[in-house]
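Secondary and tertiary structure notes
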Amino acid sequence: MHPNQHSEIPNARAGVIVGVELRHLRVFDAVVRTGTVTEAAVSLGMAPSSVSEQVRALERTLTVSLFDRRADGMRLTGEGQRLVGWARQLLDLADRATADMTGQRRDVRLGALETLVATCVPAVLARLAERRPELRVGIHPGTDRLALLADVNAGRLDAALLLDTGTTLGELGFQPPAESLSFLDLAPVPLTLVTQPNHQLQREQPQPTNLHGQRLLLNAPNCSFALAADKLLGPGPERAFVGSVATARSWAEQGLGVALLPQFAITDAVQNGTLAVLDFPLPALTLRLVWRADREERPQVRDLLYAAST
């Protein structure tokens, strides 16, 4: 919250400051997040009638209508939209105060593609431990980015780390499951084409036509590197899906094909002389943190953003 802002909620109609109960704000926030009284009740472990009554109590306190009640759910009024930001700031402050006074630790649920868990996630965890030591981070590895994004959208994860490119989510070649997702680009992830040092391609002038008919080693059909190959190399190379980044690297070391891999996966092999990089320029992918836009003000998401972006 900005230091010049007050924690009280202004009455939209009368222009005066009124008191509001946090329990009413929590119910209001749940209805905003879920879109219906029934789903809000499920998420809060309450009866739908109790949710409706607490929303009405909040409206009576503020003397405004916060929702339009419709057959297909609850829709925020203009006054309701104004309250959303205030409610989340106040709930955040209350949660942080409670955690500080009671010594409780907040749980953060971070999903990540398995490729990134051993390479990129540790740096994020180290920054979190340094800047937010009260947080307890649970890492949820996954091989399916769409499943990770669906979990973020459904609230089962606070955020997810994946690889992408461009200025919008999914430009690498996948369709996000919802338009309500936001993202932050954290770092470039350079790509490389590597082969055994004595591979014939190491003696040729690198160009796309030289890759036609070559066995291109990739871990899975819809992995980030397979999508990058489709975007950057076209259909010429013959795809061979070998199950993992480590296996693709091992096959390339044995002369069984050309591997498209992130730079972090082949640095030691190049230094040891078991792999050689083809002089074939490739744009980098981007390490991207994704979260649900309407949860950005939640403490867990803000803490992740703070730790990941510094």
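Further up the page is the structure itself.
An account of the accompanying structure is given in this report. All values derive from a computational prediction rather than experimental measurement.

Another aspect to go through is the overall build of the protein. Scanning the protein from terminus to terminus reveals eleven helices and 14 strands. For the protein, whose C-alpha radius of gyration is 25 Å, the value lies well above the compact-globule estimate of 19 Å for 310 residues. Principal-axis analysis of the C-alpha atoms gives the protein an extent of 80 × 45 × 35 Å. Here the protein holds 310 residues, and 44% of them are scored as buried. The contacts in the protein between residues at least 6 apart in sequence include a share of 70% that link residues at least 24 apart. Distance between charge centroids for the protein: 4 Å, based on 31 positive and 33 negative side chains.

Glancing now at the pattern of salt bridges. One pass over the structure, following the stated rule, counts eleven salt bridges. Aspartate 185 is the salt-bridge partner of arginine 288, the closest N and O atoms lying 2.6 Å from each other. On the criterion of sequence distance, the pair formed by arginine 288 in strand 14 (residues 285-292) and aspartate 185 in strand 8 (residues 181-189) is long-range, its members being 103 residues apart. Here the residues in one salt-bridge network are Glu53, Arg56 and Arg60, joined through shared partners.

Here we come to helix 8 (residues 224-232). Buried within helix 8 are the following residues: Ser224, Phe225, Ala226, Leu227, Ala228 and Ala229. Taken from the residues just after helix 8, glycine 234 is the one with a positive phi, measuring 75°.

Each regular strand carries side chains that alternate between the two faces of the sheet. Counting buried residues along strand 12 (residues 258-262), five of its five residues qualify, which places the element largely inside the surrounding structure. Going residue by residue along strand 12, you find Val258, Leu260 and Pro262 tucked away on one face and Ala259 and Leu261 tucked away on the opposite face as well. By the bridge criterion, four bridges tie strand 9 (residues 191-195) to strand 12 in an arrangement that is antiparallel. Bridging from a neighbouring strand, valine 194 pairs with alanine 259 of strand 12.

Given two aromatic rings, one states the distance between the centres and the angle between the planes to describe the pair. Across all of its chains, the model carries one aromatic pair by this definition. Judged by centre distance (5.5 Å) and plane angle (50°), the rings of phenylalanine 28 and phenylalanine 67 are tilted. Of this pair, phenylalanine 28 sits in helix 1 (residues 22-34) while phenylalanine 67 sits in strand 3 (residues 67-70), placing them 39 residues apart in sequence. The class for phenylalanine 28 is buried, based on a relative accessible area of 1%. Owing to a relative accessible area of 3%, phenylalanine 67 belongs among the buried residues under this scheme. Note that arginine 288 overlies the ring of phenylalanine 183, its terminal NZ or CZ placed 4.0 Å from the centroid.

Before going further, it helps to spend a moment on the pairing of strand 4 (residues 73-76). Examined bridge by bridge, strand 3 and strand 4 share four bridges and lie antiparallel to one another. Across the sheet, residue aspartate 68 finds its bridge partner in strand 4, namely arginine 75.

Moving on to the sheet that holds strand 11 (residues 238-241). If you trace the five strands from one edge of the open sheet to the other, you get 11-10-12-9-13, paired in mixed fashion. Across the chains shown, the open sheet's two edge strands, defined by having one partner strand only, are strand 11 and strand 13 (276-277). Across the face of the sheet, helix 9 (residues 245-253) comes into contact with strand 9, strand 10 (215-218) and strand 12 while running at roughly 140° to strand 12.

What the rule picks out here adds up to zero disulfides. With no disulfide of its own, cysteine 223 lies 15 Å from the sulfur of cysteine 120, the closest cysteine sulfur. Judged by its relative accessible area of 9%, cysteine 223 falls in the buried class.

This next bit is on helix 1. In a regular helix each residue adds 1.5 Å, so 13 residues correspond to 18 Å; helix 1 covers 18 Å between its end C-alpha atoms and thus fits that length. Restricting attention to buried positions, one finds in helix 1 the residues His24, Leu25, Val27, Phe28, Asp29, Ala30, Val31 and Arg33.

Turning to the sheet that holds strand 8, a few remarks are in order. A sheet is described by the order of its strands in space; here five strands give the open sequence 6-5-7-14-8, paired in mixed fashion. This sheet does not close on itself; its edge strands, each paired only once, are strand 6 (135-142) and strand 8. Within the sheet, the average angular offset between the axes of one strand and its neighbour, ignoring direction, is 25°. Pairing of strand 8 with strand 14 involves eight bridges; the strand directions are antiparallel. Note on strand 14: the bridge partner recorded for serine 182 is tryptophan 291.

About the thresholds
- Residues numbered from 1 in each chain as written.
- Predicted model: local features only at pLDDT ≥ 70, side-chain atom pairs only at ≥ 80, totals over all residues.
- Heavy atoms only, no water.
- Helix = DSSP H or I, 4+ residues; strand = E, 2+ residues; numbered from the N terminus.
- Rg over C-alpha atoms; globule rule 2.2 N^0.38 Å.
- Buried < 20%, exposed > 50% of the residue type's maximum accessible area, 1.4 Å probe, protein only.
- Contact = heavy atoms within 4.5 Å.
- Lys, Arg positive; Asp, Glu negative; His and termini not counted.
- Charge placed at Lys NZ, Arg CZ, Asp CG, Glu CD.
- Salt bridge = Lys/Arg side-chain N within 4 Å of Asp/Glu carboxyl O.
- Pairing = 2+ DSSP bridges.
- Phe/Tyr/Trp six-rings, centres within 6.5 Å; stacked < 30°, edge-to-face > 60°.
- Lys NZ or Arg CZ within 6 Å of the ring centre and 35° of its normal.
- Axes fitted to C-alpha atoms, helices over the stretch in contact; angles between N-to-C directions.
- Disulfide = S-S within 2.5 Å.
- Expected span 1.5 Å × (residues − 1).

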